[in-house]
Amino acid sequence: MTNDKTNLKHNPFLSGPIFPPLVRFALPLMFSLLLQAFYGGVDLAVVGRFSPTASVSAVATGSQVMQGLTALITGLTMGVTVLLGKAVGAGDKEDAGRVVAGQIKLFFAMAVFLTAAMVLFAPQVVRLMRVPREAVPETVRYLRICSAGIVFITAYNGISGIFRGLGNSRSPLLFVLIACFVNVFLDLLFVGGFHMDASGAALATIIAQAFSVVFSLCYIRRRPLPFSVKEQWRKSGSAVGRILKIGSPIALQDFLTSLSFLIITGIVNTLGLVASAGVGIAEKLFVFLAIVPMAFMSALSAFVAQNMGAGNQKRAERALFLAQGISFCFGAAMFLLTCFAGRWLAGIFDNDPEVLNAAAQYLRGCSVEYLMISVSFCFLGYFNGREHTAFVMAQGLFSAFLVRIPLSYALSRLAGAGMFFIGLAVPASAFVSLTICVVYFFLLRRKDIKSDKVQV
């Protein structure tokens, strides 16, 4: 990737057909998400095969908490991706160096704070989650061990965000592939061989993350970034503020959305160990089933950011529609799969008939969600690339805290309500989010036309 303005015309993001570069960029993201989902899911699958239900509940709940913390990091990473993408599109290598230097300062401080907070307050977090009594000790241990690896989570996501901003989605795929292989081997060793249950899964996770980070740093050393970070180190203070300005709304939205699912998990946990394990499996499956729209959300953020930096706004809009069409086809397939084959999907993670039935019912209730997020996630990627991250945060919080949580609680308190009815709160929230995104898109387009910003 060159930073020379005279050579920007050779950047496939900025000129020529849209479909090939967009899909080439999105495919490695899909594989990365698949591996990350597998990376997290293999913990639950191995524990489900070799450990009791209490351990499954501990990993299901503990991994949900860690996903919430990871959402904070990945949200801020999106700020780096967008800013770096704009710098690349504008051919400003000095600004690119400042963004990366600012990211290093910010993420190091964040890793230290989150690690200390989680190690100290893990028991309090478990109590807030209303974890079934049988699973409390293991959940606390799982959280504390995983929290020791927050520095590696932060480093991995930071490095991956840099490469995505440069239009390179293949290198992050390689990094997560390394972590995945190590994690699978260690899960089988610690959980299947040494019978360490949830603690073994947590230990395997942080060791695998450490391997991935060391490998990625060696990779950068051999293939240096196309701009200097060291020269911009003293001038990176303003970049920290810009990363926070763009990334904080996304980070807050992602974190609070994850928190909303944690609250729902807490609500379901009151229904017993089987319900807790069933919802935990369903939530773990979501990452696999939503891979295509999630990949296009990330791909559009970088693609749109570069084109906005180069003044190609109309091209960014065409990329949005193309991504939505592809994503919706996959969303329809996932709807059918979750509606009619939920028990089979849940069987990947557990073999307890009661747990499988609970997960299948919940998945059927959630199934319509996959039709809607296939479109709305692409909208969110487009808005992120245009730096409308405050809107992305607002719509996410509205749909989560004013729809999903209240409705989940109300449905769980209905006499005789099963997992299917509780699951209906998820597509209801997705419908609200999609509606808000459609309205905002047309308002934004109308504003662009009035301001003569749309490129013909």
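To be clear, the structure that these remarks concern was listed above.
Rules of the game
Residues numbered from 1 in each chain as written. Predicted model: local features only at pLDDT ≥ 70, side-chain atom pairs only at ≥ 80, totals over all residues. Heavy atoms only, no water. Helix = DSSP H or I, 4+ residues; strand = E, 2+ residues; numbered from the N terminus. Rg over C-alpha atoms; globule rule 2.2 N^0.38 Å. Buried < 20%, exposed > 50% of the residue type's maximum accessible area, 1.4 Å probe, protein only. Contact = heavy atoms within 4.5 Å. Areas by Shrake-Rupley, 256 points an atom, 1.4 Å probe, with all protein chains shown as cover. Lys, Arg positive; Asp, Glu negative; His and termini not counted. Charge placed at Lys NZ, Arg CZ, Asp CG, Glu CD. Core = buried A, V, L, I, M, F, W, Y, C linked by side-chain atoms within 4.5 Å. Phe/Tyr/Trp six-rings, centres within 6.5 Å; stacked < 30°, edge-to-face > 60°. Patch = residues over 30% accessible without salt bridge, like charges linked within 9 Å, V, L, I, M, F, W, Y side chains within 5 Å. Salt bridge = Lys/Arg side-chain N within 4 Å of Asp/Glu carboxyl O. Polar contact = N/O pair within 3.5 Å; in protein donor to acceptor, adjacent residues only side chain to side chain. Disulfide = S-S within 2.5 Å. Axes fitted to C-alpha atoms, helices over the stretch in contact; angles between N-to-C directions. Parallel < 35°, antiparallel > 145°, perpendicular 65-115°, else oblique. Nonpolar A, V, L, I, M, F, W, Y, C, P; charged D, E, K, R; others polar.

**Comments concerning the overall build of the protein chain**
Turning to step 1, where the next piece is worked out: Broken down by element type, the protein chain carries 17 helices and zero strands.
Turning to step 2, where the next piece is worked out: Here the C-alpha radius of gyration of the protein chain, 21 Å, is about what a compact globule of 456 residues would show, namely 23 Å.
Turning to step 3, where the next piece is worked out: Projected onto the principal axes, the alpha-carbon positions of the protein chain cover approximately 65 × 45 × 35 Å.
Turning to step 4, where the next piece is worked out: Evaluated residue by residue, the protein chain yields a buried proportion of 58% over its 456 residues.
Turning to step 5, where the next piece is worked out: Restricting the contact set of the protein chain to residue pairs at least 6 apart, pairs at least 24 apart contribute 84%.
Turning to step 6, where the next piece is worked out: Working note: accessible area of the protein chain is about 18,400 Å², and carbon and sulfur atoms make up 69% of it.
Turning to step 7, where the next piece is worked out: Positive and negative side-chain charges of the protein chain, numbering 37 and 20 respectively, have mean locations separated by a distance of 8 Å.

**Regarding the nonpolar core**
Turning to step 1, where the next piece is worked out: Among the nonpolar cores identified, the biggest contains 125 residues, and Leu22, Tyr362 and Phe383 are the most heavily contacted of them.
Turning to step 2, where the next piece is worked out: Tallying contributions element by element places helix α2 (residues 53-90) first for this core, with 18 residues.
Turning to step 3, where the next piece is worked out: Core analysis: the next-biggest nonpolar cluster, separate from the first, contains nine residues, Ile159, Phe175, Val213 and Tyr219 among them.

**Side note on the packing of aromatic side chains**
Turning to step 1, where the next piece is worked out: On inspection of all chains with the given rule, the structure shows 18 aromatic pairs.
Turning to step 2, where the next piece is worked out: Judged by centre distance (5.4 Å) and plane angle (80°), the rings of Phe175 and Tyr219 are edge-to-face. Taken together, the residues span a long stretch of sequence, with Phe175 in helix α6 (residues 170-193) and Tyr219 in helix α7 (residues 197-222) at a distance of 44 residues. Exposure class is identical for Phe175 and Tyr219. Each is buried.
Turning to step 3, where the next piece is worked out: A ring pair is formed by Phe441 and Phe442, whose centres lie 5.4 Å apart and whose planes are at 75°; its orientation type is edge-to-face.
Turning to step 4, where the next piece is worked out: Site record: aromatic cluster; members linked through ring pairs are Phe321, Phe379, Tyr382, Phe383, Phe391, Tyr440, Phe441 and Phe442.

**Re a nonpolar patch on the surface**
Turning to step 1, where the next piece is worked out: Judged by side-chain polarity, Leu174, Leu177, Phe181 and Phe215 come together as a nonpolar surface patch covering roughly 340 Å² of accessible area.
Turning to step 2, where the next piece is worked out: Owing to a relative accessible area of 31%, Leu177 belongs among the partly exposed residues under this scheme.

**A look at unusual backbone geometry**
What is expected of a backbone is that most residues other than glycine have negative phi and most peptide bonds are trans.
Turning to step 1, where the next piece is worked out: Not every positive phi belongs to a glycine, and His195 is a case in point at roughly 55°.
Turning to step 2, where the next piece is worked out: Looking at His195, the relative accessible area reads 53%, which means it is exposed.

**Re the pattern of salt bridges**
Turning to step 1, where the next piece is worked out: Scanning the model with the defined rule gives six salt bridges in all.
Turning to step 2, where the next piece is worked out: The salt bridge involving Lys86 is made with Glu387; its shortest N-O contact spans 2.7 Å. Here Lys86 is found in helix α2, whereas its partner Glu387 is found in the loop between α14 (369-385) and α15 (389-412), with 301 residues between them in sequence.
Turning to step 3, where the next piece is worked out: Looking at Lys86, the relative accessible area reads 29%, which means it is partly exposed.
Turning to step 4, where the next piece is worked out: Close ionic contact of Glu317 with Arg445 constitutes a salt bridge, the shortest N to O distance being 2.6 Å. Of the two residues, Glu317 sits in helix α11 (residues 313-340) while Arg445 sits in helix α17 (residues 425-450), which places them 128 residues apart along the sequence.

**What about the environment of Tyr219?**
Turning to step 1, where the next piece is worked out: Overall, the relative accessible area of 16% leaves Tyr219 in the buried class.
Turning to step 2, where the next piece is worked out: Put simply, Tyr219 and Ser171 are 48 residues apart on the chain and 8.8 Å apart in space, counted from C-alpha to C-alpha.
Turning to step 3, where the next piece is worked out: In this view, Tyr219 contacts Phe163, Ser171, Leu174 and Phe175; residues no more than four positions away in its chain are not counted.

**Digging into the side chain of Thr338**
Turning to step 1, where the next piece is worked out: As for its position among the elements, Thr338 is in helix α11.
Turning to step 2, where the next piece is worked out: With a relative accessible area of 0%, Thr338 lands in the buried category.
Turning to step 3, where the next piece is worked out: A polar contact is formed between the side chain of Thr338 and the backbone oxygen of Met334, at a distance of 2.9 Å.
Turning to step 4, where the next piece is worked out: At 3.2 Å, the side chain of Thr338 and the backbone oxygen of Phe335 are in polar contact.

**Digging into the environment of Thr53**
Turning to step 1, where the next piece is worked out: Of note, Thr53 is situated in helix α2.
Turning to step 2, where the next piece is worked out: With a relative accessible area of 23%, Thr53 lands in the partly exposed category.
Turning to step 3, where the next piece is worked out: In sequence terms Thr53 and Gln124 are 71 residues apart; their C-alpha atoms lie 22 Å from each other.
Turning to step 4, where the next piece is worked out: Not counting the four nearest positions on each side in its chain, Thr53 is found in contact with Leu273, Ala277 and Asp352.

**Digging into the state of the cysteines**
Turning to step 1, where the next piece is worked out: On inspection of all chains with the given rule, the structure shows zero disulfides.
Turning to step 2, where the next piece is worked out: Free cysteine Cys218: the closest other cysteine sulfur is in Cys180, separated by 20 Å.
Turning to step 3, where the next piece is worked out: Using a relative accessible area of 43% as the deciding quantity, one classes Cys218 as partly exposed.
Turning to step 4, where the next piece is worked out: No disulfide involves Cys437; its nearest neighbouring cysteine sulfur is the one of Cys378, lying 10 Å away.

**So, the packing of helix α8 (residues 237-269) against α15**
Turning to step 1, where the next piece is worked out: Relative orientation of the contacting elements α8 and α15 amounts to 5°, with a least axis distance of 8 Å. Classified by the interaxial angle, the pair formed by α8 and α15 is roughly parallel.
Turning to step 2, where the next piece is worked out: Grouping the constituent residues of the contact of α8 with α15 by class yields 18 nonpolar, eight polar and two charged.

**Section: the environment of Gly165**
Turning to step 1, where the next piece is worked out: Tracing the backbone shows Gly165 in helix α5 (residues 150-165).
Turning to step 2, where the next piece is worked out: Between the C-alpha atoms of Gly165 and Met78, which are 87 residues apart in sequence, the distance is 8.8 Å.
Turning to step 3, where the next piece is worked out: Setting aside residues no more than four positions away along its own chain, Gly165 makes contact with Thr81, Leu84, Gly85, Val88 and Gln306.

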